[in-house]
Amino acid sequence: MKQLTVFIENRPGRLGEVTEVLTENNINIVCLSLADTSDYGMLRMIVSQPAAACDVLSSSGFPAMLTDVIAVKLPHHFGQLKKLCGKLSAADVDISYMYALTSGEGAAIVLKTSDNEKAESVLSDEYTLMGAAEVYNL
Amino acid sequence: MMIWSKVETMSREEIEGIQLDKLKKNVSYVYEKVEPYRKKMDEAGVKPEDIKTLKDLSLLPFTTKQDFRDYYPFGLFAVDKSKLARIHASSGTTGKPTVVGYTKKDLEIWAECVSRLAVAGGATNEDICQICFGYGMFTGALGLHSGLENIGACVIPSSTGNTEKQIMYMKDYGSTLLVATPSYALRIGEVACQMGLNPKTDLQLRTALVGSELLTEAMREEMRKLFGDKLFVTQNYGMSELCGPGVSGECRELCGMHINEDHFICEIIDPKTGEVLPAGEKGELVVTCLSKEALPLIRYRTRDISRLFYEPCKCGRTTARMENLSGRTDDMLKIRGVNVFPSQIEEVLLKTEEIGPHYEIIVDRKNHSDILTIRVELAPAAMTDNFADLERITAKLKASLRTVLGLDAIIQLESPNTLKRFEGKAKRVTDNRKGKD
Ligand SMILES: [Zn+2]
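Fair warning: this is a prediction, and the values are worked out from it, not measured in the lab.

**Q** Just to check I follow, could you spell out the layout of surface pockets for this structure?
**A** Sizing a probe to match a water molecule and rolling it over the atoms shows the empty space that remains. Residues and elements named next belong to chain B. The calculated volume of the second largest pocket comes to roughly 510 Å³. If you trace the second largest pocket, you find 23 residues lining it, with Leu54, Cys266, Glu267, Val276 and Tyr310 closest to the centre. Of all elements in the fold, only helix 1 (12-33) and strand 10 (264-269) reach the threshold of two or more residues within the lining of the second largest pocket. The element best represented in the lining of the second largest pocket is strand 10, accounting for 5 residues. Class assignment for the residues of the lining of the second largest pocket results in 14 nonpolar, 3 polar and 6 charged.

Given below as structure tokens:
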């Protein structure tokens, strides 16, 4: 599954411009996370058509790239996230970052790890992994 | 207030007599000893014997910074290397610094020149002088050092950096005179306050000789507020090519900087036509060194904008005064006392492949310190999904800039195509310091 990452300077209006470009091209934002420092921000998104989104943003002057991530459904139970992190850590997989995703009936998270393949296999016995097509069309 | 040398109170006729006499000798000297001068004078059709009055100075070709580059390192020197007593250098545009040399006699005259300005600014042999200029190849620190020692004052060569320790010396040793850039002087005052000291009462500073950086009246006022009315601040002028500090300096009347006219002739020219302008008119300052053995400069274009006044001063000195600088004709930036050429920055930026070729340089003054900000565009190929990579790019740039400039810069990464583009000559530098003061 591909995540779209966009570099934006911390300047009023930049985030709006990104969403404008996506809307104009009929690309839906499924979920996003905005991380920032005092100087610049990193917008991480799951969108309906990642490759197309990356192209239109790049040609509009926004540095954009696609990154492999995984999406995992997370039951609404106390301590679930802690448990999941524990499993990955036990398997020596580092989490680079994660953010939440609303998947209709429940919660899910998007994860970027040091080894996505291994992360998926470690988590697959206890968690429901979401396929790219499923997520893109949420 | 004392006047250090009787030369400072001579009549105009006497001063001009000395100048003409020295000028004639000096022109013959460079014509004989320095090939680039001989070549230039031959091309201009001027012979040393054509210099009959001070006005004839205008017949001579200019010397520029470019000559220092063309004849790097010693091509403009008039003496053999074995005669040199010291070499200083200042940062240059393409990594090559401007090299200047002194004979033993040059060093003595230099110290003498600085002594006069220091005394005009209020220094006495009783003073304990803390020199907070960076020592090293820079002429500022050793210039003031020798000049102050020459008047019998005590010198503390504390250099720059570690401001808290500077303040400790200042307090414990009872420094009465401070040598620093205006911005560093303010920084010292600020840090003293942060340390719980009251600069007005806990420090004994009464004289500040500032230089190497533009001193605005607002800065002077700011220093007075911080250190109290007992601190008298004067600025002095010079540049390494001319000798370092020692060309001119303010007296306590604060009406321009008295020029050491027996060693330097100042002219004001129209920077575009090169024509000499009448007294009182604003233009580029051109300086001829009259006494230097190692590096005798003729009509050196300083690129500093000033005016000249010849009326005797209330302080008793009769030497001409140059107005405090109002700017420079070229684009050199003086940041925290360090000369910075935009081309040096450009060189670093262009070598860094993670960023695009467009950039903007912004200089601000915050908390009395110069802030250098460089806006660059992230190259699309360098796009990443994590901050660590971006930090790596900025850290790498900062490190290279630090190596080349000796300064820390703030790097602002931007998206491609967000910075201004230019047709023809680009204006990439925004210096916000002048307006703010
Ligand atoms: Zn005076």
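**Q** Can you help me understand empty space enclosed by the protein in this one?
**A** All names here are of chain B. According to the stated counting rule, one finds 4 cavities of 30 Å³ or more in the structure shown. For the largest cavity, the lining is made up of 13 residues, of which Asp106, Ile109, Trp110, Cys243 and Lys292 are closest to its centre. With 4 residues, helix 4 (residues 104-120) is the largest single contributor of residues to the lining of the largest cavity. Considering only residue class, the lining of the largest cavity consists of 9 nonpolar, 2 polar and 2 charged.

**Q** What should I look at first to understand the interface of chain B and chain A in this one?
**A** One frequent convention defines the size of an interface as the accessible area lost when the parts assemble. Contact residues are listed per partner, giving 14 residues for chain B and 21 residues for chain A. Counting the surface lost from both chain B and chain A, the interface buries some 1,500 Å², and carbon and sulfur atoms represent 64% of this. If you look at where chain B meets chain A, you find 1 salt bridge. In this structure, lysine 112 of chain A engages aspartate 385 of chain B in a salt bridge whose closest nitrogen and oxygen atoms are separated by 3.2 Å.

**Q** I tried to follow the coordination of the zinc ion on my own but got confused; where do I start?
**A** Geometrically, a metal with four donors at the corners of a regular tetrahedron has ideal angles of 109.5 degrees, and one with six donors at the corners of a regular octahedron has ideal angles of 90 or 180 degrees. All names here are of chain B. Coordination sphere of the zinc ion, protein contribution only: Cys251 (SG), His258 (NE2), Cys313 (SG) and Cys315 (SG), at 2.1 to 2.3 Å. Each of the 4 donor atoms around the zinc ion contributes to a set of angles spanning 104 to 114°, which defines the coordination as tetrahedral. Along the chain, the residues donating to the zinc ion are arranged with the sequence spacing C-x6-H-x54-C-x1-C. Placement of the pair is histidine 258 in strand 9 (residues 257-259) and cysteine 315 in the loop between strand 13 (308-309) and strand 14 (321-322), with a sequence separation of 57 residues.

**Q** Explain the nonpolar core to me, please; I cannot follow it from the model alone.
**A** In globular proteins that are soluble, nonpolar side chains generally tend to be buried together. All names here are of chain B. Ranked by internal contacts, the top residues of the largest apolar core, which has 64 residues, are Leu148, Leu242 and Phe264. The element that contributes the greatest number of residues to this core is helix 4, accounting for 7 residues. If you look at the next biggest cluster of nonpolar residues, it comprises 32 residues, including Ile335, Val348, Tyr359 and Leu407.

**Q** Is there a simple way to think about the sheet that holds strand 8 (residues 244-250) of chain B in this case?
**A** Two strands in a sheet stick together by hydrogen bonds in their backbones, pointing the same way (parallel) or opposite ways (antiparallel). Residues and elements named next belong to chain B. Pairing in this open sheet of 9 strands is mixed, and the strands run 4-3-5-6-7-8-9-14-13 from one edge to the other. At either margin of the open sheet sits one strand with a lone partner, and together these are strand 4 (154-156) and strand 13. In terms of strand pairing, strand 3 (residues 128-131) meets strand 5 (residues 177-180) through 3 bridges, oriented parallel. What sits directly across from glutamine 130, in strand 5, is leucine 178. Along the sheet, helix 4 contacts strand 6 (207-210), strand 7 (232-239), strand 8 and strand 9; its crossing angle with strand 8, the most-contacted strand, is approximately 30°.

**Q** What is the right way to read unusual backbone geometry from this model?
**A** Most peptide bonds are trans, and most residues other than glycine sit at a negative phi. Cis peptide bonds are those with omega within 30 degrees of zero, and the linkage from tyrosine 72 of chain B to proline 73 of chain B qualifies with -5°. By the element assignment, proline 73 of chain B lies in the loop between helix 3 (65-70) and strand 1 (86-90). For asparagine 26 of chain A, which is not a glycine, the phi torsion comes out positive at approximately 55°. As for its placement among the helices and strands, asparagine 26 of chain A is situated in the loop between helix 1 (14-24) and strand 2 (29-36). On the basis of relative accessible area, asparagine 26 of chain A is assigned to the exposed category, the value being 66%. A positive phi angle, near 45°, is found at asparagine 162 of chain B, a position not held by glycine. Along the chain, asparagine 162 of chain B falls in the loop between strand 4 and helix 6 (163-172).

**Q** Just to check I follow, could you spell out the environment of alanine 91 of chain A for this structure?
**A** All names here are of chain A. Examined against the element boundaries, alanine 91 turns out to sit in the loop between helix 3 (80-90) and strand 6 (95-103). When its relative accessible area of 17% is taken as the criterion, alanine 91 is described as buried. Sequence separation of alanine 91 and alanine 119 is 28 residues, and the distance between their C-alpha atoms is 8.0 Å. Setting aside anything within four residues of it in sequence, one finds alanine 91 in contact with Lys118 and Val122.

**Q** Looking at this structure, I do not really get the packing of aromatic side chains. What am I missing?
**A** Each aromatic ring pair is described using two quantities: the centre-to-centre distance and the angle formed by the ring planes. All names here are of chain A. Summed over the entire model, instances satisfying the criterion amount to 7 aromatic pairs over all chains. Aromatic side chains phenylalanine 7 and tyrosine 40 sit 5.6 Å apart centroid to centroid with 40° between the ring planes, which places their arrangement in the tilted category. With phenylalanine 7 in strand 1 (residues 2-9) and tyrosine 40 in strand 3 (residues 40-47), this residue pair connects regions lying 33 residues apart in the sequence. Tyrosine 40 carries the same exposure label as phenylalanine 7, and that label is buried.

Definitions and cut-offs
Residues numbered from 1 in each chain as written. Chains lettered and ligands numbered in written order. Predicted model: local features only at pLDDT ≥ 70, side-chain atom pairs only at ≥ 80, totals over all residues. Heavy atoms only, no water. 1 Å grid on protein atoms, 1.4 Å probe; cavity = no way out; pocket = protein on both sides within 12 Å on 5 of 7 lines; lining within 4 Å. Points joined across faces, edges and corners; volume = space filled by probe spheres on them. Helix = DSSP H or I, 4+ residues; strand = E, 2+ residues; numbered from the N terminus. Nonpolar A, V, L, I, M, F, W, Y, C, P; charged D, E, K, R; others polar. Contact = heavy atoms within 4.5 Å. Buried area = accessible area lost by both parts, 1.4 Å probe. Salt bridge = Lys/Arg side-chain N within 4 Å of Asp/Glu carboxyl O. Donors = N, O, S within 2.8 Å, 3.2 Å for Na, K, Ca; no water. Tetrahedral: all angles 85-135°; square planar, octahedral: opposite > 155°, others 65-115°. Core = buried A, V, L, I, M, F, W, Y, C linked by side-chain atoms within 4.5 Å. Buried < 20%, exposed > 50% of the residue type's maximum accessible area, 1.4 Å probe, protein only. Pairing = 2+ DSSP bridges. Axes fitted to C-alpha atoms, helices over the stretch in contact; angles between N-to-C directions. Phe/Tyr/Trp six-rings, centres within 6.5 Å; stacked < 30°, edge-to-face > 60°.

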